[in-house]
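# Fold and contact review
Each chain, letter by letter, is given below.
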Amino acid sequence: MVHFVGAGPGAEDLITVRGARLIAEADRVIYAGSLVNPALLQGMKPGADALDSAKMTLEEVIAAIRETEEKGGNTVRLASGDPCLYGTVREQMDQLDRLGIPYDNCPGVSSFCAAAASLKTEYTLPGVSQSVIITRTGGRTPVPEKESLRSFAAHGATMVLFLSTGLAGKASRELIEGGMPENTPAAVVYRASWPDERVFRCTLGTLAETCRREKLTNTALLVIGCTAAPESYERSKLYDPDFTTGCRKGRLP
């Protein structure tokens, strides 16, 4: 059996209870060494082994899983954040389907959630933004043209860019060309929830310079939009005493 487990954003106590239990029960853990906190491996049982997938190919990962399966053991495939976002799990699951190896998924706390906590903000503020666009900047690995930052800029929604710190100049240029003002609030959150976390607040126009100045090239998220530094927003109807909900009667009809 293979368990795909989200390791969370970095802090060792932000893994789920289920994820920690699966690691403790595993015979082998294959983890993304460049992104996953190695402290999580301290919960492994005696005799279990850990493999760092940072230098492994897909074929080598699957071979390691097959080896464990043939011995009757369980494997945890430990991914950073939540595996559903840039976790490359679909191609692994397809391979396991072909081999008839059973698997399941254990979700984790994504780094974009940890970044919001670090910024002490809410991505979906009434009257400001009710949507979050999670995407990345096209570089050596392209993105579909219909999902270009230039096209997304028109929505004015909160944007969280993964895998884009080293391309901050390109990202800001495309967003500005798409119509997003240069003074749009922005932030760079480096290693959200890790002990060495750092937060840099800026604007879309100064985003690239902020990354250059602080020598940030990876393991950081770019957060762009007015919710990154809200000046004003509408009060939520959920707790408005004048608004009737399914749980209580408001003061106004």
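See the structure shown above.
Residues numbered from 1 in each chain as written. Predicted model: local features only at pLDDT ≥ 70, side-chain atom pairs only at ≥ 80, totals over all residues. Heavy atoms only, no water.

### With respect to helix α3 (residues 89-99)
The following threshold applies: Relative accessibility decides the category of a residue: with a 1.4 Å probe and only protein chains considered, values under 20% of the type maximum give buried, values over 50% give exposed, and everything between is partly exposed. Counting from the N terminus, the helices are the DSSP runs of H or I reaching at least four residues and the strands are the DSSP runs of E reaching at least two. Arc, as used here, means the arc of the directions from the helix axis to the C-beta atoms. Note on contacts: a residue pair is in contact if any heavy atoms of the two residues lie within 4.5 Å.
For α3, the set of buried residues is V89, Q92, M93 and L96. Looking straight down α3, one finds that the buried residues subtend no more than 100 degrees of arc, so they occupy a single side. The elements touched by buried residues of α3 are β1 (2-6), α2 (58-70), β4 (75-79) and β5 (103-106). With its phi angle positive at about 75 degrees, G100 sits one or two positions after the end of α3.

### Here's the deal with unusual backbone geometry
Here the phi dihedral of Y86 falls at roughly 50 degrees; this positive angle occurs in a residue that is not glycine. Within the secondary structure layout, Y86 lies in the loop between β4 and α3. Residue classification places Y86 among the partly exposed positions, given a relative accessible area of 38%. We note that L163 has phi near 50 degrees; this positive angle belongs to a residue other than glycine. The residue L163 is located in the loop between β7 (158-162) and α6 (168-177) in this model.

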